[in-house]
Amino acid sequence: MSMELSSEKAFADARPLARHCDELARRGPRPEERAEALSLWQREFPRALSRDLESLLAGGRPTVTLADAKAMKGEQVFARIGPVAANSLLRCGSDNRTVLFSMDWPTAVALTDRSFGGEGALGEEQPEQLPRSAALLLDQIATAIAKAIARASAGEASGHDGDEPQGEVIVRSESASRLKPFAADRDCQLFLLRIVARNDASWEAFIAVPDDTLGVLLAGSNSAPNQAAKLTPDQAALASPFSGIPIGLEAILAEFELSFTRLDDLAPGDHIPLTIARDVPLRLGDETVALGSLGSLEDRMAIRVTRFPSQEVSS
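### Structural notes on the overall build of the protein
Of the regular secondary structure elements, the protein holds 12 helices and 11 strands. A burial count over the protein gives 32% of its 315 residues as buried. As displayed, the protein offers around 19700 Å² of accessible surface, 53% of which is attributable to carbon and sulfur atoms.

### What to know about the packing of helix H5 (residues 105-115) against helix H6 (residues 132-152)
When two helices pack together, their arrangement is captured by the angle between the axes and the distance separating the axes. The geometry of H5 relative to H6 is characterised by a closest axis approach of 9 Å and an angle of 85° between their N-to-C directions. On the basis of their axis angle, the class for H5 and H6 is roughly perpendicular. On H6, the residues touching Ala108, Leu111, Thr112 and Ser115 of H5 are Ser133, Ala134, Leu137, Leu138 and Ile141. Classifying every residue of the contact of H5 with H6 by side-chain character gives six nonpolar, three polar and no charged.

### Considerations on unusual backbone geometry
Backbone geometry follows two general trends: most residues other than glycine have a negative phi, and most peptide bonds adopt the trans configuration. Here lysine 180, not a glycine, exhibits a phi torsion of approximately 50°, which is positive. For lysine 180, the position within the fold is in the loop between strand S5 (167-173) and strand S6 (187-196).

### What to know about the packing of aromatic side chains
Within this structure, the stated rule accounts for three aromatic pairs. Look at tryptophan 41 and phenylalanine 45: their rings are 5.5 Å apart centre to centre, the planes differ by 15°, and that puts the pair in the stacked class. One end of the pair is tryptophan 41 and the other is phenylalanine 45, both in helix H3 (residues 31-53) and four residues apart, which spans about a single turn. Under the relative-accessibility criterion, phenylalanine 45 is labelled buried at 0%.

### Quick look at the pattern of salt bridges
Taken as a whole and assessed by the stated rule, the structure comprises 11 salt bridges. A salt bridge links aspartate 187 to lysine 73; the nearest nitrogen and oxygen atoms lie 2.6 Å apart. Of this pair, aspartate 187 sits in strand S6 while lysine 73 sits in strand S2 (residues 70-73), and the two are 114 residues apart along the sequence. Given the relative accessible area of 33%, lysine 73 is considered partly exposed. A salt bridge links glutamate 168 to arginine 91; the shortest N-O distance between them is 2.3 Å.

### Describing the environment of aspartate 211
Structurally, aspartate 211 is set in helix H8 (residues 211-217). Aspartate 211 gets classed as partly exposed once you look at its relative accessible area, which sits at 26%. Separated by 23 residues in the primary sequence, aspartate 211 and cysteine 188 place their C-alpha atoms 5.0 Å from one another. Other than its neighbours up to four places away in sequence, aspartate 211 contacts Arg34, Asp187, Cys188 and Gln189. One polar contact links aspartate 211 to glutamine 189, side chain to side chain, over a distance of 3.1 Å.

### A short note on the sheet that holds strand S10 (residues 287-297)
Pairing in this open sheet of four strands is antiparallel, and the strands run S8-S9-S10-S11 from one edge to the other. Each edge of the open sheet carries a strand with a single partner, namely strand S8 (250-251) and strand S11 (300-307).

### Re the environment of proline 62
Position of proline 62 among the secondary structure elements: in the loop between H3 and strand S1 (63-66). The contact partners of proline 62, leaving out residues within four places of it in the chain, are Ser50, Leu53, Glu54, Leu57, Ile195 and Val196.

### A word on a nonpolar patch on the surface
Taken together, Leu253, Phe256, Leu258, Phe260, Leu263, Leu266, Ile272, Leu274, Ile276, Leu294, Met301 and Ile303 make up a surface patch of nonpolar side chains, about 1100 Å² in accessible area. If you list the elements that add at least two residues to the nonpolar patch, you get helix H11 (260-264) and S11. Within the fold, leucine 274 resides in the loop between H11 and strand S9 (280-284).

### Points about the side chain of serine 173
Structurally, serine 173 can be placed in strand S5. At 3.1 Å, the side chain of serine 173 forms a polar contact with the backbone nitrogen of serine 175. Sequence-distant contacts of serine 173, defined by excluding residues within four places in its chain, comprise Ala85, Ala86, Asn87, Arg178 and Leu179.

How each quantity is defined
- Residues numbered from 1 in each chain as written.
- Predicted model: local features only at pLDDT ≥ 70, side-chain atom pairs only at ≥ 80, totals over all residues.
- Heavy atoms only, no water.
- Helix = DSSP H or I, 4+ residues; strand = E, 2+ residues; numbered from the N terminus.
- Buried < 20%, exposed > 50% of the residue type's maximum accessible area, 1.4 Å probe, protein only.
- Areas by Shrake-Rupley, 256 points an atom, 1.4 Å probe, with all protein chains shown as cover.
- Axes fitted to C-alpha atoms, helices over the stretch in contact; angles between N-to-C directions.
- Parallel < 35°, antiparallel > 145°, perpendicular 65-115°, else oblique.
- Contact = heavy atoms within 4.5 Å.
- Nonpolar A, V, L, I, M, F, W, Y, C, P; charged D, E, K, R; others polar.
- Phe/Tyr/Trp six-rings, centres within 6.5 Å; stacked < 30°, edge-to-face > 60°.
- Salt bridge = Lys/Arg side-chain N within 4 Å of Asp/Glu carboxyl O.
- Polar contact = N/O pair within 3.5 Å; in protein donor to acceptor, adjacent residues only side chain to side chain.
- Pairing = 2+ DSSP bridges.
- Patch = residues over 30% accessible without salt bridge, like charges linked within 9 Å, V, L, I, M, F, W, Y side chains within 5 Å.

What follows is the structure, given as structure tokens:
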């Protein structure tokens, strides 16, 4: 009898520990709950985006729809987008929820034409370079998308009335994979975003969301309270307040030596020949963080980043 009592006592002591263990007690949404939340999100997000796009595109408020998502691996998303497109990594909401927004260049040019009162017809040829006006418009559209996603998600929906939803473009690139929005083997959902104007002109773009991030965005998802606290090191580096700290970088075009005598003899009008290196170092203090080639972008001098010394050492 005493052995049976002690055994029962041992199990009784263990139950409170199991009940308070977050890993055991937490329950994710059931499939039907997730489907319902996704359906709601697919209605609320386009509705919010449609209002924001009215001020950017001429001809009144457009109709915005979000097609059912396609499950893909990260590498499949990059292949679907292609090697060159207007890609932006977006932060949606007050925590670190990030999604990938992508639009091909002909569509970006057509939307820009529409914003200036044109028909917005799609051209058949890929432009050699994205015009600056199109890049500026895409930044505005991408920001509107980030804020609309935040507004439709559970986190922003529970905020105070009148609060402006937080959304911004973190970084942009012609190459989606270079933005590193998610790993190549990560499970993602790819949404087709369609914008239709009153004259039946339409434009399409992609929004790619990792599966676990989508769980946070969905209204009513039980995973939302726990997801924000679990950030990877890369995500934490992009989170506030550290992400907003300005860091001064130096592009070293040339380095040379002068004797004290020559330095003392310098006068206005003197010429000093410079040899520009093939790989221009981009430095943070004494550390070279990247190397690039010197060129021009529109009417300004620019550096195209070609490689990262730290990655070469680690590989």
